[in-house]
Amino acid sequence: MPQSAATISGIQRMVLYETRARYFLVGTNQAQTKHRVLKIDRTEPKDLVIIDDKHVYNQQEVRELLGRLDLGNRTKIGQKGSSGLSRAFSAFGIVGFVRFLEGYYIVLITKRRKLADIGGHSIYKIEDTSMIYIPNDSVRVTHPDEARYVRIFQNVDLSSNFYFSYSYDLSHSLQYNLTLLQRPYELWSSPTSRPEEEVQKQSKHDSFDIFEDEGLPTQVVYGVQSEPYYKYVWNGKLLERVKDIVHRDWLMYIIHGFCGQSKLLIYGRPVHITLIARRSSKFAGTRFLKRGANCEGDVANEVETEQIVNDASVMSLTAGSYSSYVQVRGSVPLYWSQDISTMMPKPPIRLDQADPYAHVAALHFDQMLQRFGSPIIILNLVKKREKRKHEKILSEELYPAVINLNQFLPPENCIDYIAWDMARYTKSKLCNVLDRLSMIAENVVKRTGFFSNHSNFYCHTIRPDDRWGDLGGYITASGRVQTGVLRTNCVDCLDRTNTAQFMVGKCALAYQLYALGMIDKPKLQFDTDCMRLFEELYEDHGDTLSLQYGGSQLVHRVKTYRKIAPWTQHSKDIMQTLSRYYSNAFSDADRQDAINLFLQVFQPSESKPHLWELPTDFYLHQRNTMALPLDRRSYTMWWSEGILPFLPVAYDEVSCEDTMKKVKVRRVNRFEESIDIYTEFFKPYELTSFDDTFCIAMTNSAREFMPKTVGVDPSPFTVRKPEETGKSVLGNKSSKEETLLQRKTAASAPPPPSEEAISSTSEDDSEEDRDDDASVSQRSTPIKLLTESGESTRTQEEIQQQSVKEPYGLNLAEFPAEKDLLIYERFAHLGESQHRVEKTEHINLAKIICLEPVSSFPEDSIYSLSPPQVDRDSREEFESSVLTGQGQVRGLCREDMLLYREYVKNRYM
């Protein structure tokens, strides 16, 4: 069966040229070998007219085309000026096309930054965008309210937490993207690939194949491209107008949420930990203005969080080891809201609509069954006991809804409901919140399992663990699949939810590392380099999501619930609470209007009231208020047709006729640029600097968290004290105390961090001693007492030797001490004497100790070594390379001809 590979977008850079009548958008791939041209008409005042000829140009043809356009748009032949073709913008992608009350605008990505890498597939963050008005000024029909709509639209900051990729589908999970490559496409490729093959034939050049008479076979690969999951796509409506007009490579879908990646070094072996959060674009908004669910089952503040762990020593998605775990947060799926007109910090919760048959909850859990499978586990963290009913109202409505829905589901696929009052446990001095969450997390991960693309779990054979046998999920021939998902909620789905998700992620991370063979048992402890790195990722994740929904960073963090937060953290919590209250009271309405306009929930029209004139946006998000539904869903058979037979596996990941309609498959050559992820990632046609690569600049556990001292266990799973971490600063002590401390520990203090590091670890800094304000923090090198007063002086030579001392702990440039030289001479003399001694009697070592040779060489010792035997193929390869260097070229074989043929076809044809 031919292999499958993800299709890489053929347009990654573009240049916008303008004339008086048209815009010409020229897009090219990464290697700039294939180009496409999009023609946008500027003479239409309110309509969008786009022409895509679907033709693929080479570099010479594009230059000739632009030259003809420049010549044809000049007022006089031979005149050079601004009246011809001029270059307007350079961009990396199209966000979309939008219209308010005048003509259309085009939104282009002008700056990007690489944030993560998954199997060679780069993930970028949008850094800057440009919004360009398409119609010419001569045909523009002005409207007085147009500028206000433009300001509202630009209130959605596209440079803040919007992400995209040219080759990796960010709207789907890693499990979906990898299982998509394992489907039997030979059963589906013939009807699906015909349109693509027709387009490919049309775009071929009228040239001949110089290898067509060689009779060399073509290696076929299935190029796979799936439709995005539009629930997590934020520019789907902006591209809807041109989706059926232009080629698929012009469409680039963006997600909103969080993306972060860090490198965990395990004795030098790199392991990448990636955290991706996808915020739903359905029923999206701010904290008090979007609560509960709408009539279609979409809930407020719904975020899907995925943690990916992979062995970075192997890049390929198919050959490498990859693992992922997915969990979800979202508001309670009921019709409820809070009235913010009272100007109270906690407005009362009210149920807006009675739902005795749990219709809206059924729609919500139907979506989850279709995407994640079963079991769906609800972790409800709202309060149970209150003097005045507030949060308890939601629990009293949610639990009967789950009971009602479960009575119609098969018992093995029922929804699990876990209610735990986290706030009450936090106030208790006798209860440990994180221990309780750890028990819940262990049970949840055992139920759902996790995804892994390898079935050979040698780690379980070598180091068996009883918990591994109880792990859930669905085991396939190619690995393990996560079935079901944990859905966590509190009232806001911010502070408590993030801590609970961190503990579940911590438990899943242990199983993921155990499956990759990195640890001997699926258990991780706090205060290790690995957990500090993971906790920092989750806190950045929580802060980002909290800012998007609540208007401030997290108020309660993992350290708060561990009860190790410094006293200064309480003042920070108060400031974050005030910031959240101010944002909710004064700026959330403007942000909500901007989100409604960006997602095209509200589309301006001269016949409708303006966006700022609406008293509420309730009718924009609740479609059943404006029109009666044509079909009423069953209250008993509340799930979509076809889902139950495939449970516990998610319906979206099953190979059936319905799901295959969402996938485009075409047969391509193995060396085709559109699937060559190696060339896409390493860019052999460009000169790149190793120091500028993303893998060097990303967060590194050894550089950021491991203490830079001598004799410390470099394992990232070793428990360390807070003062031993790489990010902490040693307290300000006198030089005498410093010297005594170094003598006791035989190690030096870590170096002082930069200002950024101090600001990012201010919580740790507050725990340190601040006895002597005038004392200067010492460097990480041992102090030399060169003066009688005990002061340490540093020469220029010592500063130069600092880089040597930090990693090795000693100065290699210094001459060894006399004592060390004497020990070395004795050792060398002993070795020489032992080698020269003639043994008079034969000693049978096999009777003394049984040793098995570990070397494949027949003789291997410090004294002699037999060279390995070189096979015939290796010798011929070496001889051919020597002859090539001397100018003598050997004859080409069949494989060489095949490789050269594909190179010529891809490069020049």
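Treat the numbers as computed from the prediction; the structure is a model and nothing was measured. Sequence order as written defines the numbering, with residues in each chain counted from 1. Under the rules for a predicted model, residues below a pLDDT of 70 receive no local features and side-chain atom pairs below 80 are neither given nor counted, while totals for whole chains, interfaces and linings still include all residues. With hydrogens and water stripped out, all remaining heavy atoms of the structure feed into the side-chain values.

Caption draft 1: Representation of the packing of helix 12 (residues 495-515) against helix 13 (residues 529-550). In this analysis an axis means a line fitted to C-alpha atoms, helices contributing only their contacting stretch, and an angle means the value between N-to-C directions, from 0 to 180 degrees. A run of H or I in DSSP becomes a helix once it reaches four residues, and a run of E becomes a strand once it reaches two; helices and strands are each numbered from the N terminus. Where helix 12 meets helix 13, the closest approach of the two axes is 10 Å, and the angle between their N-to-C directions is 140°. When the axes of helix 12 and helix 13 are compared, the pair comes out oblique. Of the two possible hands of crossing, helix 12 and helix 13 adopt the one that is right-handed. In this structure, helix 12 contributes Asn-498, Gln-501, Phe-502, Gly-505, Lys-506, Leu-509 and Leu-513 to the contact, and helix 13 contributes Cys-530, Met-531, Phe-534, Glu-535, Tyr-538, His-541 and Gly-542. Nonpolar residues are Ala, Val, Leu, Ile, Met, Phe, Trp, Tyr, Cys and Pro. Charged residues are Asp, Glu, Lys and Arg, and all others, Gly as well, are polar. By residue class, the composition of the contact of helix 12 with helix 13 is seven nonpolar, five polar and two charged. An angle below 35 degrees is read as roughly parallel, one above 145 as roughly antiparallel, one from 65 to 115 as roughly perpendicular, and any other as oblique. By convention, the crossing between two helices is left-handed when the near helix turns anticlockwise from the far helix through less than a right angle, and right-handed when the turn is clockwise. In what follows, residue pairs with any heavy atoms lying within 4.5 Å of each other are defined as contacts.

Caption draft 2: Broad picture of unusual backbone geometry. Omega for the bond connecting Ser-374 with Pro-375 falls within 30 degrees of zero, at 5°, which places this linkage in the cis form. Its location among the elements puts Pro-375 in the loop between helix 6 (359-372) and strand 18 (376-380). In this model, Asn-301 sits at a positive phi of 55°, which is unusual for a non-glycine residue. Locating Asn-301 in the fold gives a position in the loop between strand 13 (269-279) and strand 14 (303-311). Its identity as a non-glycine residue notwithstanding, Asp-527 has a phi of 60°, on the positive side. Secondary-structure assignment places Asp-527 in the loop between helix 12 and helix 13.

Caption draft 3: Expanded view of the pairing of strand 12 (residues 255-266). Type-normalised accessible area, obtained with a 1.4 Å probe on protein chains alone, sets the label of each residue: buried when under 20%, exposed when over 50%, and partly exposed for intermediate values. Counted residue by residue, strand 12 has 12 buried out of 12 residues, so it is predominantly covered. Only when DSSP finds a minimum of two bridges between them are two strands counted as paired. For strand 12 and strand 13, the ladder comprises 10 bridges, and the chain directions are antiparallel. Its bridge partner being in strand 13, Ile-266 is matched across the sheet by Arg-269. The loop that links strand 12 with its antiparallel partner strand 13 comprises two residues; one of these, Tyr-267, has a positive phi angle of about 55°. Pairing geometry for strand 12 and strand 25 (residues 699-700), over two bridges, is parallel. Bridging from a neighbouring strand, Lys-263 pairs with Asn-700 of strand 25.

Caption draft 4: Geometry of the environment of Asp-298. Turning to its location among the elements, Asp-298 is positioned in the loop between strand 13 and strand 14. The exposure class of Asp-298 is buried, given its relative accessible area of 5%. Residues Asp-298 and Phe-365, 67 residues apart in the sequence, show an inter-C-alpha distance of 9.8 Å. The residues contacting Asp-298, other than those within four sequence positions of it, are Lys-231, Lys-282, Phe-283, Gly-292, Ala-293 and Gln-367.

Caption draft 5: Focus on the packing of helix 9 (residues 433-448) against helix 12. Where helix 9 meets helix 12, the closest approach of the two axes is 8 Å, and the angle between their N-to-C directions is 55°. When the interaxial angle is binned, helix 9 and helix 12 end up oblique. The element helix 9 and its partner helix 12 pack so that their crossing is right-handed. Taking contact as the criterion, the partners of Leu-434, Leu-437, Ser-438, Ala-441, Glu-442, Val-445 and Lys-446 in helix 9 are, on helix 12, Thr-499, Ala-500, Met-503, Val-504, Cys-507, Ala-508 and Tyr-511. For the contact of helix 9 with helix 12, the residue count by class is 10 nonpolar, two polar and two charged.

Caption draft 6: Just the sheet that holds strand 11 (residues 220-226), in detail. Read from one edge of the open sheet, three strands run 1-11-24, paired in mixed fashion. For this open sheet the edge positions go to strand 1 (4-6) and strand 24 (663-669), each flanked by a neighbour on one side alone. Sheet twist, expressed as the average angle between the axes of neighbouring strands with direction ignored, equals 35°.

Caption draft 7: Highlighting helix 2 (residues 146-154). Within helix 2, burial applies to Glu-146, Tyr-149, Val-150, Ile-152 and Phe-153. Along the axis of helix 2, the buried residues cluster in a sector spanning 165°; they form a single face. Directions drawn from the helix axis to the C-beta atoms are what define this arc.

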